[in-house]
Amino acid sequence: MRFLIPLISSAVSSAHNRITSRFLNALPTVPPFLNCRPLSMAASEESLRKALAEKLSAVEAHGNAVRALKAAKASKPEIDAAIEALNNLKLEKSSIEKQLQAAVSGGDGDGALSREAFRQAAVNTLERRLFYIPSFKIYRGVAGLYDYGPPGCAVKSNVLAFWRQHFVLEENMLEVDCPCVTPEVVLKASGHVEKFTDLMVKDEKTGTCYRADHLLKDFCNDKLQKDLTISAEKAAELKHVLATLDDLSPEALGAKIEEYGITAPDTKNPLSDPYPFNLMFQTSIGPSGVSPGYMRPETAQGIFVNFKDLYYYNGNKLPFAAAQIGQAFRNEISPRQGLLRVREFTLAEIEHFVDPEDKSHPKYSEVAGLEFLMFPREEQMSGQSAKKICLGDAVSKGIVNNETLGYFIGRVYLFLTRLGIDKDRLRFRQHLANEMAHYAADCWDAEIESSYGWVECVGIADRSAYDLRAHSEKSGVPLVAAEKFSEPREVEKLVIAPVKKELGLAFKGNQKNVVEALEAMNEKEALEMKAALESKGEVEFYVCTLGKNVPIKKNMVSISKEKKKEHQRVFTPSVIEPSFGIGRIIYCLFEHSFYTRPSKAGDEQLNVFRFPPLVAPIKCTVFPLVQNQQYEDVAKVISKSLTAAGISHKIDITGTSIGKRYARTDELGVPFAITVDSTKDVTIRERDSKLQVRVSVEEAALVVKSVTDGLRTWEDVWEKFPHHASGSADD
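Please read all numbers here as calculations on a predicted model, not as lab measurements.

### So, the pattern of salt bridges
And step 1. Under the defined criterion, the tally for this structure stands at 43 salt bridges.
And step 2. With a shortest N-O distance of 3.5 Å, Glu492 and Lys561 are connected by a salt bridge. Here Glu492 is found in strand β17 (residues 481–498), whereas its partner Lys561 is found in strand β20 (residues 557–571), with 69 residues between them in sequence.
And step 3. Residue Lys561 is classed as partly exposed on the basis of its relative accessible area of 33%.
And step 4. In this structure, Lys524 engages Glu528 in a salt bridge whose closest nitrogen and oxygen atoms are separated by 3.7 Å. Placement of the pair is Lys524 and Glu528 together in helix α19 (residues 523–536), with a separation of four residues, close to one helical turn.
And step 5. Assessed through its relative accessible area of 60%, Lys524 is described here as exposed.
And step 6. The class of Glu528 is partly exposed, set by a relative accessible area of 48%.
And step 7. Where salt bridges share partners, they join Asp198, Arg211, Asp213, Glu332 and Arg341 into one cluster.

Shown next, in the form of structure tokens:
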């Protein structure tokens, strides 16, 4: 399978067949390294590794046999036959190596571009056409900071506009805009001051810092892709490490780094043991310096602290959702991979507040029939691959925890695929047990495959009631909702009351972790602990945030059930949170949209971005065919019509050939070009098929608007309007 896309040159007899073939041909073949591999592919790689190991042993044995024949002064025909057999074995070994290399890289070994070459071609085009560039470039830049240029800003603006339409408007969400500077007390309550860390290692001689998990990930990927001699067993081990990387404790991560002999990439010096590094940018609020703060690492906390007012604004009714788009900041240890890992970025986050006893969703049936790639934790732990699962089945079988979480997973899938993300390179991966906070009910990541591998772009988590409870406790303001009863009800309530004084004496700095774990117990766990404490006086209790069991004595916690009449049920709502990394989504969209095709003369490869009209930075260009005042006047009339219709466009009246002007706009991803070659009729050309239709000057803007707004497709336009005489006269 080639990445470079050949154009079909043979003519097609009927107009219908012609457009079908053109449209299919215009879609670039999936880059080989981006294929989602089925289980059969993994099995093929394993069998190839075993076959290569056997062939290497056979080559070594035959080599020894040839040397033995020469030493024994065997006859020439006998030696020649042995050498011929050895050469045949070497050819077979070489063939297996090529097949294995193709299997691990996804290529076909026949001119397909490598990951790096494809990425470089795309990034060079993106930077040259000013989609984005390194910030402060004239001062040699700063790692992890990027500027969006005009087309990049337009793409980002279009993505965010569609996000608002798809989520905020369609779901009647409450949008807020909160400050980037956040007081320390807020982030202490949320746990960020204590726990918002990545594991870091240092070069023991130079002090250069690296993210520990990145070094291990890079080592495993390099071994799998470049060392064809490793055994099938070793390859399986490395794949298991990659699958469970986020599950490794600091000690386990350090042990793997030591076991594999991983050193500092630049100097090959030994590395320190992994240790946590807080990723927040610290600042002070006001000139005195006595009020510490941080640049927010996420936008969610602004929504949580405003819950009480938002709940009142919504008529004291649940469920409801609040949304926010804004900048977030993370002091990454070693920023890399362009827009994928940066220090300042745009987040779009939703906090959907719901009754913890009723997580159904009224619109769930609209997405229940969707089928797409899902990667449940059981498949990850057993070394399997993602597979297509019907969302309704995943929810009904308990793979996805509840309907509301499932609903947002489905909505995220629709959002990403409508933007232009390839559905076959999109999967939803469930968090492993150790990736999830102890309070979380379930978490899934929407991951998009790029030349860097699978990239987490959206997190969809059921965070339970942790955030509102944490801020209620710290602020003293109850962040709760109420369900009024038509008649008073006698209810039996479970009361878990940790005795903080005793827990503080016993666990000191770990008191908060133990208190949170005790309060998070469900009724069954709490009653079992109560029975054990009454019979034994002490019980071992696992605190997942500490990663160990701790002894709980009878005087440390009170667990009881109380009966009383209630006129309403007061509770802390659960929150389901979809969180979108906009920069990551946009970069993956760039890669999924980029391809090359040969020029008409076949002497060069032309770059194209296949953006859907929805997100294209410019929807249309207007070209007078030649420098002619009448044509330029018509172009200006069309330009005014496009402006009135709200269609972003650009006029190009340079004397450059029409083919070069098309190539320039294709490289910006402009879906349509209007060429003025008369004062009455013009041609409209579609970017990917390069097909052209004739329309009147008065209709031109309306035709473009109808397609960019999604009211009709280009196929509809092709069927309705006369075709340009040459069909696709580009050059």
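Let us keep going from here.
### Details of the sheet that holds strand β12 (residues 371–375)
In a beta sheet, neighbouring strands pair by backbone hydrogen bonds and run either parallel or antiparallel.
And step 1. Taken in spatial order, the nine strands line up as β3-β10-β11-β21-β16-β15-β14-β12-β13 in an open sheet, and their pairing is mixed. Bordering the open sheet on either side are β3 (174–175) and β13 (387–390), each of which pairs with just one other strand.
And step 2. Of the strands in this sheet, β11 (344–354), β12, β14 (426–430), β15 (442–450), β16 (453–462) and β21 (574–581) are in contact with helix α15 (residues 403–419), which crosses β16 at around 145 degrees.
And step 3. Against the sheet, helix α20 (residues 582–593) contacts β11, β15, β16 and β21, and its axis sits at roughly 140 degrees relative to β16.

### Points about the state of the cysteines
And step 1. This model, assessed by the stated rule, comprises zero disulfides.
And step 2. Among the cysteines around Cys180, which has no disulfide bond, Cys178 carries the closest sulfur, lying 9.7 Å off.

### Overview of the domain arrangement of the protein
And step 1. For the protein, the domain assignment lists domain 1 (38–105), domain 2 (481–571) and domain 3 (618–720).
And step 2. For domain 1 versus domain 2, the distance between C-alpha centres works out to 66 Å.

### A few points about unusual backbone geometry
And step 1. A cis geometry characterises the amide bond from Leu318 onward to Pro319, with omega recorded as -5 degrees.
And step 2. Structurally, Pro319 is set in the loop between α12 (307–313) and β10 (320–329).
And step 3. With phi around 55 degrees, Asn316 is a residue other than glycine that occupies positive phi space.
And step 4. Mapped onto the secondary structure, Asn316 falls in the loop between α12 and β10.
And step 5. For Asn316, a relative accessible area of 41% gives the class partly exposed.
And step 6. A positive phi angle is found at Lys508, which is not glycine, with a value near 50 degrees.

### Comments concerning the packing of helix α21 (residues 629–644) against helix α23 (residues 697–708)
And step 1. At a closest axis distance of 9 Å, the pairing of α21 and α23 adopts a crossing angle of 35 degrees. The crossing of α21 and α23 is right-handed. Within the contact between the two elements, α21 uses Val634, Ile638, Ser641 and Leu642 and α23 uses Val697, Ala701 and Val704.

### Things to note about the packing of helix α5 (residues 150–169) against α15
And step 1. Close contact between α5 and α15 brings their axes to 11 Å; oriented N to C, the two are set at 145 degrees. Of the two elements, α5 crosses α15, and the hand of that crossing is right-handed. Facing α5, whose interface residues are Val159, Phe162, Trp163, His166 and Phe167, α15 presents Arg411, Val412, Leu414, Phe415, Arg418 and Leu419.
And step 2. Tallied by class, the residues present in the contact of α5 with α15 amount to eight nonpolar, one polar and two charged.

### What about the nonpolar core?
And step 1. Membership of the largest hydrophobic core comes to 70 residues, with the highest contact counts inside it found for Trp163, Phe415, Leu416, Phe428, Phe580 and Phe590.
And step 2. Per-element accounting of this core gives the leading share, ten residues, to α15.
And step 3. Setting aside residues no more than four positions away along its own chain, Phe428 makes contact with Phe372, Leu373, Met374, Phe375, Ile409, Val412, Tyr413, Trp444, Asp445, Ala446 and Ile460.
And step 4. Formed by 27 residues, the second largest nonpolar core is a distinct cluster that contains Ile684, Val703, Val704 and Phe721.

### Looking at the UniProt feature "domain: Aminoacyl-transfer RNA synthetases class-II family profile" (unreviewed entry) in the protein
And step 1. Per the UniProt entry, the sites bearing "domain: Aminoacyl-transfer RNA synthetases class-II family profile" (unreviewed entry) are residues 120–598 in this numbering.
And step 2. As a span, residues 120–598 carries 36% helix and 30% strand, and end to end its C-alpha atoms are 18 Å apart.

### Looking at the sheet that holds strand β8 (residues 282–284)
And step 1. Taken in spatial order, the three strands of this open sheet run β4-β9-β8, and their pairing is antiparallel. Two strands lie at the open edges of the sheet, namely β4 (181–183) and β8, each paired on one side alone. Averaged over all neighbouring strand pairs, the angle between strand axes comes to 40 degrees, with direction disregarded.
And step 2. Strand direction decides the pairing type here: β8 and strand β9 (residues 292–295), joined by three bridges, are antiparallel. The partner of Thr283 across the bridge, within β9, is Gly293.

### Some details on the environment of Tyr466
And step 1. Here Tyr466 lies in helix α16 (residues 466–475).
And step 2. Of the residues examined, Tyr466 reaches a relative accessible area of 10% and is grouped as buried.
And step 3. In this structure the C-alpha to C-alpha distance between Tyr466 and Arg343, which are 123 residues apart in sequence, comes to 27 Å.
And step 4. When near neighbours in sequence (up to four residues on either side) are disregarded, Tyr466 contacts Ala189, Ser190, Gly191, Tyr439 and Glu516.

### A closer look at the environment of Pro179
And step 1. Residue placement: Pro179 occurs in the loop between β3 and β4.
And step 2. For the pair Pro179 and Gly326, spaced 147 residues apart in sequence, the C-alpha separation works out to 8.9 Å.

Rules behind the numbers
- Residues numbered from 1 in each chain as written.
- Predicted model: local features only at pLDDT ≥ 70, side-chain atom pairs only at ≥ 80, totals over all residues.
- Heavy atoms only, no water.
- Salt bridge = Lys/Arg side-chain N within 4 Å of Asp/Glu carboxyl O.
- Helix = DSSP H or I, 4+ residues; strand = E, 2+ residues; numbered from the N terminus.
- Buried < 20%, exposed > 50% of the residue type's maximum accessible area, 1.4 Å probe, protein only.
- Pairing = 2+ DSSP bridges.
- Contact = heavy atoms within 4.5 Å.
- Axes fitted to C-alpha atoms, helices over the stretch in contact; angles between N-to-C directions.
- Disulfide = S-S within 2.5 Å.
- Domains from an automatic or database assignment.
- Left-handed = near helix turned anticlockwise from the far one by under 90°.
- Nonpolar A, V, L, I, M, F, W, Y, C, P; charged D, E, K, R; others polar.
- Core = buried A, V, L, I, M, F, W, Y, C linked by side-chain atoms within 4.5 Å.
- UniProt positions renumbered as here; feature names shortened; annotations may be inferred.

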